[in-house]
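Each chain is listed here by its residues.
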Amino acid sequence: MEHFPTLTETVAALRRGETTSVALTSDALDRIDALNGHLGAFVHVARDAALESARAADERLSAGPRPADAVRGGTGPASNTRAGLTTLPALLGVPTALKDGHDVAGMPTSWGSLASRDEHGDLARAQRSDELAGTLEAAGAVILGKTQVPEFLLNSYSENRMYPPARNPFALDCSPGGSSGGQAAAVAAGILPGAIGSDGGGSVRIPAAACGLIGLKPNRGRVPSSDALSNVGQLGVNGPIARTAEDAALLMDVLCHTPGHDRIPRPVAAVPENSFRDVVRAARRGDTPWGERPLRIGVTTQSPFDGTYDVQVSPEARTALERGVRQLKDLGHTVEAVDLGFDPAYPEAFSTLWTTAMGQLPLDSREHLLTGLARTFRARALQRGAVELADAVAVLRGIEADVIRRFADLDMVLTPALAMPPRPVGWFHEGCDIADPAGADQDYERQCQYTPWTSVVNVVGLPAITYPTTWAVPTTGDYPGPVPMGVQLIGGPSSEARLLALVAQLDPATTPRAYLVA
């Protein structure tokens, strides 16, 4: 079945001179023009700046390696010098984008919120790039623009009051997930060969799963541009959204090993990994990081929300999980049911922590411009005291320790990626306008029911990866054709390389072009 070129293939074609950055960038911009009116993936396109960057990249590619590249890019062992020269930056000339919660010099950042506009209704343009944008620029990427997000990245769907909703390229009436929904939609629709998202409760894994891609949430303390150590929640980390495990590994190397952007100033960090891409390539040759022994993998549909909400595992999610189990057993691994026994205090504690950030925002009496959910979250956060927040953090840290103890006898845990097929646009706040606080509790409950297995991984700080196992037309709902359903593998501490190596061996079918309706 025909697929779009992978990120790895795109980089190789640029290096061999089979294409140019200007050609790739122009094609991506043309595809945005053709698709974005109904896909809603992009909210800002920097056409002139992208083409200028592409022309500069082509000049660099034509000139070849040079000593100055030692401070501009390259990944792990791939950047070793030869005859005093270094390799070119890892993503030199590759078009990509950033979600609209990152600052890129010269571009506006809205965070998906009307409250980000000034008194004239304008968005300020960033004076400088943030850490993630700086990493991608140093790696040579061509940043096309910004993609759609939910307001302040709160939700597992990508709708807001600011722009038209992002839509799933395999079912345009449905959401691509969130909060990195625009990123995933752009990759799945063939606009981008790969992208970076941010994941504070599932925001890489959810849209990757909804759009038939691979999504990796790295370990806490792994990625310098978002180490999940810099805020009270310790939840958010940047991670790849990609078509193949090798593409995801390449993006991990960019995130962790781009010179000048490869240090985490913390006393505790993830165990170093020289090159994720090298591990994946070795695994494809049969040289796995776990050696000859089979992996011991636990499987469960238990979630920390089960005692609070009515979490139903759809037939599609069960089929995807059963297929995932068979695939792992076919590779010779041991897969057995496990009881994780989550603390019933989790839902309230997580909600307390998750909503705290809304209370920290300096909105200057602009709350009326928020979505109903964000407005409700802010009101509740501002009403809480410090002791209540501290109690919530204590509960979650206890859950963290308990879950990591349960990994003592396991290599990984397998869960469904999502509990249901992609949800219709507007489903989460169904019956209420998105601006109406009356729909907030339903909205949040449905998000927990849709993605009950992702947020606890952020709380615990472990790495996890989602990938598709089935493509089928759901038994209920109005879908134009097959949509993806998949699984989540949760790894032990600092095990991203193992997760990527295992998924490389599984080689899941991602974003087949025949199923696209965008």
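Cut-off values and rules
Residues numbered from 1 in each chain as written. Predicted model: local features only at pLDDT ≥ 70, side-chain atom pairs only at ≥ 80, totals over all residues. Heavy atoms only, no water. Salt bridge = Lys/Arg side-chain N within 4 Å of Asp/Glu carboxyl O. Helix = DSSP H or I, 4+ residues; strand = E, 2+ residues; numbered from the N terminus. Buried < 20%, exposed > 50% of the residue type's maximum accessible area, 1.4 Å probe, protein only. Pairing = 2+ DSSP bridges. 1 Å grid on protein atoms, 1.4 Å probe; cavity = no way out; pocket = protein on both sides within 12 Å on 5 of 7 lines; lining within 4 Å. Points joined across faces, edges and corners; volume = space filled by probe spheres on them. Nonpolar A, V, L, I, M, F, W, Y, C, P; charged D, E, K, R; others polar. Axes fitted to C-alpha atoms, helices over the stretch in contact; angles between N-to-C directions. Parallel < 35°, antiparallel > 145°, perpendicular 65-115°, else oblique. Contact = heavy atoms within 4.5 Å.

**Brief notes about the pattern of salt bridges**
Next, step 1: For the coordinates displayed, the defined rule picks out 21 salt bridges.
Next, step 2: The shortest N-O distance in the salt bridge between R47 and D33 comes to 2.7 Å. Highlighted residues: R47 in helix α3 (residues 47-63) and D33 in helix α2 (residues 21-39), separated in sequence by 14 residues.
Next, step 3: Note on R47: relative accessible area 31%, which makes it partly exposed.
Next, step 4: Notably, a salt bridge pairs E246 with R277, separated by 3.3 Å at the nearest N-O pair. Linking E246 in helix α7 (residues 245-257) with R277 in helix α8 (residues 276-284), this pair joins segments that are 31 residues apart in sequence. No difference in accessibility class separates E246 from R277, as the two residues are buried.

**Quick notes on unusual backbone geometry**
Next, step 1: For the peptide bond that leads from G178 to S179, omega is 5°, which places it in the cis range.
Next, step 2: Inspection of the secondary structure assignment puts S179 in the loop between β3 (142-147) and α5 (181-188).
Next, step 3: Unlike most non-glycine residues, L153 shows phi in positive territory, near 65°.
Next, step 4: Here L153 shows up in the loop between β3 and α5.

**Description of the pairing of β3**
Next, step 1: In terms of residue burial, β3 counts as a mostly covered element, since 6 of its 6 residues are buried.
Next, step 2: For strand β1 (residues 42-45) and β3, the ladder comprises 3 bridges, and the chain directions are antiparallel. The partner of H44 across the bridge, within β3, is K146.
Next, step 3: Summarising the sheet, strand β2 (residues 95-99) and β3 pair through 4 bridges and their orientation is parallel.

**Observations regarding empty space enclosed by the protein**
Next, step 1: As enumerated under the stated definition, the model contains 4 cavities of 30 Å³ or more in all.
Next, step 2: The volume enclosed by the largest cavity comes to roughly 170 Å³.
Next, step 3: Taken together, the elements giving at least two residues each to the lining of the largest cavity come down to α10 (346-360) and α13 (440-450).
Next, step 4: The dominant element in the lining of the largest cavity, judged by the number of residues it contributes, is α13, at 3 residues.
Next, step 5: For the lining of the largest cavity, the residue count by class is 7 nonpolar, 11 polar and no charged.
Next, step 6: In this structure, the second largest cavity spans a volume of roughly 100 Å³.
Next, step 7: Every residue lining the second largest cavity is counted, 13 residues in all, and those nearest its centre are F342, V403, V456, V457 and I490.
Next, step 8: Top contributing element to the lining of the second largest cavity by residue count: helix α14 (residues 455-460), with 3 residues.
Next, step 9: Here the lining of the second largest cavity is composed, by residue class, of 11 nonpolar, 2 polar and no charged.

**Description of the packing of helix α1 (residues 7-16) against α7**
Next, step 1: Interhelical geometry of α1 versus α7 gives an angle of 70° and a closest axis separation of 8 Å. Looking at the two axes, α1 sits roughly perpendicular to α7. Where α1 approaches α7, its residues L7, T8 and V11 are matched on the opposing element by E246, D247, L250 and L251.
Next, step 2: Tallied by class, the residues present in the contact of α1 with α7 amount to 4 nonpolar, 1 polar and 2 charged.

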